[in-house]
Amino acid sequence: MSDLIEGYEAALFDLDGVVYLGPEAVPGAAEGIDELRARGIQIGYVTNNAGRRPEVVVEHLNSLGVSASLADVVTSAQASAKMLADELPAGAKVLICGAQALADEVESVGLVPVWELDDEPAAVVQGYDPQMSWPRLDAAGHAIQRGALWFATNTDSTRPTNLGLVPGAGTQIDAIRHVVSVSPKVAGKPYPPLLEETMRRMDTQKCIFVGDRIDTDITGAVAVGIDSLMVFTGAHGVRDLLLADEASRPTAIGWDLRALLEPVREVEISDTSASCREQRAELVDDKVVLVTSPVGREAQLDALWAVLQLVWAGNGWDEAIPAQLDELH
């Protein structure tokens, strides 16, 4: 049985919740990435976080023991800057409603970052900034109402940290959305520009994306037509997968990114049952139920993968299933 990574040229990783949680590395992430490199796999770090320069991301990864160089990192700020440059003339003013890292990327493509409404910007670009203030949101809203084009780095509603979830860029964007009549053009996942820019830079289409969020990572991979691995070290878990629609379903699941180095989970499936290794799910009274009792994390992942095949075929599921998979949040 082949390992999951076989057949791919590159592995692309979301960062928060996959490689690290705030100041701490996800256990096994560094070792897994080193092994992938040893097998000749290209590595790409793809982040919706527009608040940090790529150099800072590299420094953070290296400080955690995760091998990374500047060429490996692509941020939503970089993808947003490319979108702006494609639509605006050189030298156009762009109001920054985000961190300095976003302003730096805007300047790098020949545009002029500004911070005040009185500068009469041609566009507004919005990204996550932990120091965001209401007056800055007000200025962005006024500029958009006056006709400035609106761009956003990403729409993540939350960010995972080592202490738990915190509000993400999406909450700041929603504040402006309530007062304008347009929607922003978005670079980050689940929208295609960020992943497309990453694949362009790496010159590959044979890649798999590893993420912890259904609504951004997995949906983003589906949107650009690449395979994906959903891991359980970050934001989303069992119930999210059970509820995932066709545009939001991974092609594989695993506890952490080291699942790329493990054998593929194969399923035997019929109209009324699905089996993965020793675990089995069946359709009983129009509901999917587990008929085995998985013990341990890997067995529970096998059981979930069997369950998902029947649920995603359009069947209902027994509410007891999440409790039966209690080692998977």
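Residues numbered from 1 in each chain as written. Predicted model: local features only at pLDDT ≥ 70, side-chain atom pairs only at ≥ 80, totals over all residues. Heavy atoms only, no water.

Draft legend 1. Broad picture of the overall build of the protein. Secondary structure assignment for the protein yields 11 helices and 20 strands. At 21 Å, the protein has a C-alpha radius of gyration in line with the 20 Å of a compact globule built from 329 residues. Along the first, second and third principal axes, the C-alpha set of the protein runs to 65 × 45 × 35 Å. Within the protein, counting contacts between residues at least 6 apart in sequence, those at least 24 apart form 68% of the total. Of the accessible surface of the protein, which amounts to about 13900 Å², a share of 49% is contributed by carbon and sulfur atoms. Measuring between centres, the 24 positive side-chain charges of the protein sit 3 Å from its 50 negative side-chain charges. (Helix = DSSP H or I, 4+ residues; strand = E, 2+ residues; numbered from the N terminus. Rg over C-alpha atoms; globule rule 2.2 N^0.38 Å. Contact = heavy atoms within 4.5 Å. Areas by Shrake-Rupley, 256 points an atom, 1.4 Å probe, with all protein chains shown as cover. Lys, Arg positive; Asp, Glu negative; His and termini not counted. Charge placed at Lys NZ, Arg CZ, Asp CG, Glu CD.)

Draft legend 2. Quick peek at the sheet that holds strand E20 (residues 316-317). Taken in spatial order, the five strands of this open sheet run E16-E17-E18-E19-E20, and their pairing is mixed. With one partner strand each, in any of the chains shown, strand E16 (267-269) and E20 form the two edges of the open sheet. Across three bridges, E16 lies against strand E17 (residues 273-276) in antiparallel orientation. Across the sheet, the residue bridging to Val-267 is Cys-276, located in E17. Sheet contacts for helix H10 (residues 297-311): E16, E17, strand E18 (279-284), strand E19 (287-290) and E20; angle to E18, the most-contacted strand, approximately 30°. (Pairing = 2+ DSSP bridges. Axes fitted to C-alpha atoms, helices over the stretch in contact; angles between N-to-C directions.)

Draft legend 3. Just the pattern of salt bridges, in detail. Per the counting criterion, the structure on display carries 19 salt bridges. Between Arg-258 and Asp-256 there is a salt bridge whose closest N-O contact spans 2.6 Å. Its relative accessible area of 7% is what places Asp-256 among the buried residues. Of the charged contacts, one joins Arg-265 and Glu-298 as a salt bridge, the two residues approaching to 2.7 Å between their closest N and O atoms. Of this pair, Arg-265 sits in the loop between strand E15 (252-254) and E16 while Glu-298 sits in helix H10; the two residues are 33 residues apart in sequence, bridging distant segments of the chain. Of the residues examined, Glu-298 reaches a relative accessible area of 35% and is grouped as partly exposed. Bridged by salt links that share partners, the residues Arg-265, Arg-277, Glu-298 and Asp-302 form one connected network. (Salt bridge = Lys/Arg side-chain N within 4 Å of Asp/Glu carboxyl O. Buried < 20%, exposed > 50% of the residue type's maximum accessible area, 1.4 Å probe, protein only.)

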